[in-house]
Amino acid sequence: MEAFVGGGVLPTHRPGFRSVVSRTGRANARFSRAVTMCVEADASAPVAASATEGVTDLYQSFWDHADEVMKAKLSDLEDYPIPEDYLHKEEVTGKGKKMQKVRTRSFGYRTPKLRQIRAAHVQGGQSLQVLNFVIFPELTYRVPFFGADLVTLPGGHLIALDMQPLFHDDEYKEEFYSALKPIFDKYAEQLPWGGDFPEEAKQFFSPCFLWTRPAENEKVQNEVFDAFKEYLDMYLSIVEKAPEITDPEELARIEKSQKAYLAYRAEKDPARGMFQRFYGPDWTEEYIHGFLFDLEAKIEDGSYVPPLERAN
């Protein structure tokens, strides 16, 4: 999925608003490799038998809240078309005490300002729970992406919240992150910094990237949930006020940045190994490129026309 984070990385001091982007260049060496190793190793570890029955779902309340808030605040919200094979996928893996049921459900909406609002919810028992929730703006708006990766594996919780930037100039950071900064600061004090991340990934994180690995479920259900609510509220407020972009040069920059983001996430998706193990490589690649990061596929099949091409 979009940005599973953590696993085997060195702990560091939490960055401040001015230092987070610059420090990514100093503290990043093993992040992507460690992420992939962590997710794939933990995905192959035994999970409690029968998986979903009688298990507290840590992240259902996150999605329920997002769903409720978006329906209340986005008057033009409508369903996003999801191929039937992606709506619900379930497999039973392992034998005996290692048998587990893994269920993946997909959700999607859209609005005139938001090209795709989508979530993937994986439930494989107490030690395999994931909610990957991403909002992709329409290409006529220069607002950031919204990204929430909420992951529980046998090794613990991996939490990432961010409004991921299209650009990194000072004007952009001031426009979109100055109001988020106090929220980030508040939860940065409550949720320890989760560790390093790599040079190649730093362009996709904002100055308010909240990344942590809490040990207790209570931290997830309380502080993480509260941060999730505030980040989402701030994002929806920004989207509501965002003006439409018509300048061709700026539209070209937005399209280039969005495509780069999606290509990187699709290529580096650490959940690939987990999905391949549960559902096979064919379904996994179709799911990654046909739903999770579907812009290029939509352009290729003609179901989405980029703004610059609409004018021609």
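Here, every reference points to the structure presented above.
For the structure given in this document, a descriptive report is provided here. Quantities reported herein were computed from a predicted structural model and do not represent experimental measurements.

1. Describing the packing of aromatic side chains
In this description, a pair of aromatic rings is defined by centroid distance and the angle of the planes. Evaluated as defined, the whole model comprises 30 aromatic pairs. Plain terms: the ring middles of F136 and F293 are 6.5 Å apart, the flat faces sit at 80° to each other, and that makes the pair edge-to-face. Here F293 lies in the loop between α10 (281-292) and α11 (295-300) and F136 lies in strand β5 (residues 129-137), a separation of 157 residues in the sequence. F293 gets classed as buried once you look at its relative accessible area, which sits at 4%. For the pair Y279 and W283, a centre-to-centre distance of 4.9 Å together with 65° between the ring planes defines the contact as edge-to-face. Residue Y279 is classed as buried on the basis of its relative accessible area of 10%. Members of the aromatic cluster, each reached through a chain of ring pairs, are Y59, F62, W63, F107, Y109, F133, F146, F225, F228 and Y235. Looking at R253, its charged tip hangs above the ring of F167, at a distance of 3.9 Å from the centre. Across the ring face of F205, the terminal group of R265 is positioned such that the distance to the ring centre comes to 5.6 Å.

2. Things to note about the pattern of salt bridges
Scanning the model with the defined rule gives 14 salt bridges in all. R142 is paired through a salt bridge with E175; the nearest N and O atoms lie 3.0 Å apart. With R142 in the loop between β5 and β6 (145-153) and E175 in helix α5 (residues 170-177), this residue pair connects regions lying 33 residues apart in the sequence. For R142, a relative accessible area of 14% translates into the label buried. Between D170 and K173 there is a salt bridge, with the nearest N and O atoms lying 3.7 Å from each other. Of this pair, D170 and K173 are both found in helix α5, 3 residues apart, which corresponds to roughly one turn of the helix. Overlapping salt bridges bring together R142, E175, E250 and R253 as one network.

About the cut-offs
Residues numbered from 1 in each chain as written. Predicted model: local features only at pLDDT ≥ 70, side-chain atom pairs only at ≥ 80, totals over all residues. Heavy atoms only, no water. Phe/Tyr/Trp six-rings, centres within 6.5 Å; stacked < 30°, edge-to-face > 60°. Helix = DSSP H or I, 4+ residues; strand = E, 2+ residues; numbered from the N terminus. Buried < 20%, exposed > 50% of the residue type's maximum accessible area, 1.4 Å probe, protein only. Lys NZ or Arg CZ within 6 Å of the ring centre and 35° of its normal. Salt bridge = Lys/Arg side-chain N within 4 Å of Asp/Glu carboxyl O.

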